[in-house]
Amino acid sequence: MNNIERRDREMAYISDEAVMEEQKKCRKILQTLNTVDRSDFEAIGKIVKELFGKSENAFLNPPFYCDYGSHIEVGKNFFANYNCTIIDVAKVIIGDNCQMAPNVAIYTAGHPVHPDSRNSMYEYGVGVTIGDNVWIGGNTVILPGVHIGSNTVIGAGSVVTKDIPDWVIAAGNPCRVIRGITEADRKFYYKDREFDPEAWEHIRGGQPRQ
């Protein structure tokens, strides 16, 4: 079994020449993405589509960093703000309408704990999955193997080491559930600040006031 096959089966593998050749393709795309005119939103959108291979209305604010790009699957309306890093040795699957604040990092890659094993050059990747309608706060780190449920918010500065369920606010290091998200949260945009009538009418499906 070659190292690409080992990597893709989430087995211990070595980043040999064949593995690095795959990464070179991604780095060329990232070079274009991270040096493009930041005001050319159309060009950025096209590069993002090339990077992920499949996306619908996905957008990144450069700079953005990953290893392969092709190991990242994003749903509709994906958005990642500045300086997002996704180390996609294993699959990263992200649902619809997900947003990531600046400096979010998703790591599927890791190295053995024991120095003898680590110095052997073997490493691994374990996939990460994120459901629909998830908002990841700034400077959050998501570790290998984590699943984050749908309709969940991860607070800024969190280190997510274990699975997080649907419909909760979770935060901290390590990240823990703080409370559930309920219908009572719908009218608020920040803490105790309610949407004004114009915005609320728009949210409910009406037209904003002129």
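Residues numbered from 1 in each chain as written. Predicted model: local features only at pLDDT ≥ 70, side-chain atom pairs only at ≥ 80, totals over all residues. Heavy atoms only, no water.

### Topic: the sheet that holds strand 10 (residues 109–110)
And step 1. One open sheet holds the three strands; their spatial order is 1-11-10, and the pairing between them is antiparallel. Here the strands that pair on one side only, and so sit at the sheet edges, are strand 1 (13–14) and strand 10.
And step 2. As judged from the two bridges shared by strand 10 and strand 11 (residues 122–125), these two strands associate in the antiparallel manner. Considered in strand 11, the bridge of G110 is made with Y124. (Pairing = 2+ DSSP bridges. Helix = DSSP H or I, 4+ residues; strand = E, 2+ residues; numbered from the N terminus.)

### Overview of the side chain of T140
And step 1. By secondary structure assignment, the location of T140 is in the loop between strand 13 (135–136) and strand 14 (141–142).
And step 2. In terms of polar contacts, T140 uses its side chain to reach the backbone carbonyl oxygen of G137, at 2.8 Å.
And step 3. In this structure the side chain of T140 is engaged in a polar contact, spanning 3.3 Å, whose partner is the backbone oxygen of G155.
And step 4. When near neighbours in sequence (up to four residues on either side) are disregarded, T140 contacts N103, V104, A105, I154, G155, A156, G157, S158 and V160. (Polar contact = N/O pair within 3.5 Å; in protein donor to acceptor, adjacent residues only side chain to side chain. Contact = heavy atoms within 4.5 Å.)

### Focus on the layout of surface pockets
The method is simple in principle: a probe with the dimensions of a water molecule rolls over the atoms, and the space it marks as empty is what remains.
And step 1. Roughly 1000 Å³ of volume is contained in the largest pocket.
And step 2. Taken together, 27 residues line the largest pocket, and the ones lying closest to its centre are W135, V153, I181, D185 and F188.
And step 3. For the lining of the largest pocket, the secondary-structure elements that each account for two or more residues are strand 16 (153–154) and strand 20 (188–190).
And step 4. Among the elements that take part in the lining of the largest pocket, strand 20 stands out by supplying three residues, more than any other.
And step 5. Class assignment of the residues belonging to the lining of the largest pocket gives a composition of 13 nonpolar, nine polar and five charged. (1 Å grid on protein atoms, 1.4 Å probe; cavity = no way out; pocket = protein on both sides within 12 Å on 5 of 7 lines; lining within 4 Å. Points joined across faces, edges and corners; volume = space filled by probe spheres on them. Nonpolar A, V, L, I, M, F, W, Y, C, P; charged D, E, K, R; others polar.)

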